[in-house]
Amino acid sequence: MLPRSLLAWVYACTIAAVGLVSLPVAASDDALQTMKQRRLLSSGWNSSMSEMKMTIVEANGATSVRELRQYAIELAQDGNRTINIFLKPKDVDGLAVLTHSHKRDSDDQWLYLPSSQRVKRISSSNRSGAFAGSEFAYEDISSFEVEKYTHAELKKGHLDGQPVLLVSSTPLYENSGYSKLVSHLDPSTYQPRKIDFYNSRGEILKTLGIGGYTSHTAQGAWRPHKFEMVNHLTGRRTQIEYGPYQRTSVDSEAFNPNRLGQIK
Amino acid sequence: MTPRWATVIAASVLALCPCAAQVRKAGGSLAFSELYYLKDKPGYAGSTGVLSGQLEAEFALQDLGRLSLKGVAHYDLREGKGRYADLPVAKYAYAQERWRLDLGFDTIFWGVVESQRLVNVVNQVDPLRSLRGDVTLGQPMLAATWFGERYKLETLVLPWFRERRFGGSTYRSGLLLSVDERDPLYQDSRGRRHVDHAVRLSGRVDVLEAGLSLFQGTLREPRLVAQASSKDLRPLYVQGQQIGLDAQYTRGATLFKLEAKQVRPRNEPSFRAAVYGFEQALGRIGRAPFDLSVFIEHNWDSRGEAAPNFLQNDLFMGLRLDFANTLATVLTLGLFQDLDHGSRLGRVLLETRLTDELSLAGELYLVSAKKPQDRLFGARDLEQVSVKLKWNF
């Protein structure tokens, strides 16, 4: 979920940025259409697998590490589907979360509990809840779908002395913990280098730094490999580092909740 | 006691493991728990310690399938009856695009509710490892599963019966029932060799998920019968059929749940039982450091006081507090309220990680029952608190 979600931000923000090239301030409708087109052109990675290491850094510097394996598949007619399987810590080894993201409706989620071999459908309404005790909320790791946001306020700015394009996006779905997200895009690749998350009081709640991009097709298909989310209220940080992405032959049937627990 | 062929299967799985092409998974845990009883009972120890362990491994045999193994061992430091081992999983699995075959010992989970396992009929429960009935023994089986886009059809052949363990009246960590489990009675002359069958069709339509299951064979729940020659009761396993239904309707943060079954024992009156209720995810309330979930379920059994468990007309209320920390701290509070007698069974469970490898759990059971005719009355002697330290590797 994570890379695709954030990659989707890349797509979304890139599209918004493309709009910026022609219009200093794009209307939200234009940005939406551009994002859909950009996403279409960026698709094609289909089914993939990668492993990631998540390091949670407490405000006092103490760290704890999680390792996950992630399968993802892109569907033409619906949102993406992902399976996150915990590998470490060992007490949650094999625990899996299956998510069916939808373009307009609420996501569907299932949990696989290896100790009892139980598949349990769970509520996906707790979007602002913390994922695995990290600074990433469920909505941060959920599949990004263009239709779940309004996108506007394109303008130019600077980040670490480099020019960036700024895009403001407002969640349309219920139970979001954010009033808006502001993405800072590289103007040459249209990839986000930073995203600021604002709470309902208009304060910056969290900041996500993104780096280590690689391109996977001739058309682009950029994927970031490093993330760092900083919570400005608590002082906690969560770093995520992805290993190589592998294209797989895993088809959409493997993402059927009937089969959750079989894919390892 | 297990049949020769089952031993052969388990031994084959074990023997083939080292030859397997690829180890997909290997690990386990070792735990020590200390249990204290809250009430003195003359002639019984006031506390006990248990060492328990689990080993788990999975091997991929290239295109020839997969071997899975999970073994558990339980060693009571003070009582011999608390020393045993089991194989919840020791099986070979072969899967194709639309179907899968499993052969060996396996553990099946059917159902949706939290307060009991009503329709989960395949595996025998193991009350010595969990008073809640949520821990089961491995069941030898040949299972074939067909996967549709929105449904799944499971067919199981169960050639060997696993008897329930009681521990006897002298083993306090058991159920304190005077049951002689060494020589159970069977209604069918084939005894534990009777071949049972089960089928389950499950699927989902939008936010509704449901399963319909049929079981024919030796019913897992024994009837306890008196003996003329002994004061001990003997388990009687009768033949019968069970039709089970489980369904969950997910609406936003609310999960509506239902489990119902009709059981037709041979030569005995049939009975029905049901559990229905909901689970509500409330998320984080205010600045509380946890996500809160609420569970409410009503348990009903048409046998009333004759039901072998205490859930004939009981309300279950539960709270689950998931603390958003790196220690995965979870506090669970559960209360069964008997609506006929007013008795109560309460449980508090606190689980937390100490490090990435070590975890700690504390559990408390409390019973309040005043009427001797109440099923919970005898359980007052089982009031207990336990602490468990677990090393995961």
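Our structure's up above, just so we're on the same page.
Residues numbered from 1 in each chain as written. Chains lettered and ligands numbered in written order. Predicted model: local features only at pLDDT ≥ 70, side-chain atom pairs only at ≥ 80, totals over all residues. Heavy atoms only, no water.

A. Inspection of the overall build of chain B at higher detail. Tallying secondary structure elements over chain B gives one helix and 21 strands in all. Over its C-alpha atoms chain B spans a radius of gyration of 22 Å, differing by no more than 12% from the 21 Å that the globule rule assigns to 393 residues. Viewed in the frame of its principal axes, chain B has a C-alpha envelope of about 65 × 60 × 45 Å. With 393 residues in all, chain B has 52% of them scored as buried. Pairs at least 24 residues apart make up 55% of the contacts formed inside chain B by residues separated by at least 6 positions. As presented, chain B carries roughly 18,600 Å² of accessible surface, and 59% of it is formed by carbon and sulfur atoms. Averaging the coordinates of the 51 positive side-chain charges in chain B and doing the same for the 45 negative ones gives two points 2 Å apart. (Helix = DSSP H or I, 4+ residues; strand = E, 2+ residues; numbered from the N terminus. Rg over C-alpha atoms; globule rule 2.2 N^0.38 Å. Buried < 20%, exposed > 50% of the residue type's maximum accessible area, 1.4 Å probe, protein only. Contact = heavy atoms within 4.5 Å. Areas by Shrake-Rupley, 256 points an atom, 1.4 Å probe, with all protein chains shown as cover. Lys, Arg positive; Asp, Glu negative; His and termini not counted. Charge placed at Lys NZ, Arg CZ, Asp CG, Glu CD.)

B. How the structure looks around the interface of chain B and chain A. The partner chain A presents 35 residues to the 47 residues of chain B that form the contact. Taken together, both faces of the contact between chain B and chain A bury some 3,200 Å²; the carbon and sulfur share is 39%. The tally of links between chain B and chain A comes to seven salt bridges. Salt-bridge contacts for B:Arg98 lead to A:Glu253; the nearest nitrogen and oxygen are separated by 3.7 Å. (Buried area = accessible area lost by both parts, 1.4 Å probe. Salt bridge = Lys/Arg side-chain N within 4 Å of Asp/Glu carboxyl O.)

C. Here's a closer look at the pattern of salt bridges. Inspection of the entire model under this criterion finds 46 salt bridges over all chains. One salt bridge connects A:Arg121 with A:Asp108, and the closest N-O pair in it is separated by 2.8 Å. Here A:Arg121 is found in strand S6 (residues 118-122), whereas its partner A:Asp108 is found in strand S5 (residues 108-113), with 13 residues between them in sequence. In terms of burial, A:Arg121 and A:Asp108 fall into one category: buried. One connected set of salt bridges, linked through shared partners, spans A:Arg118, A:Lys120, B:Glu114, B:Lys257 and B:Glu279.

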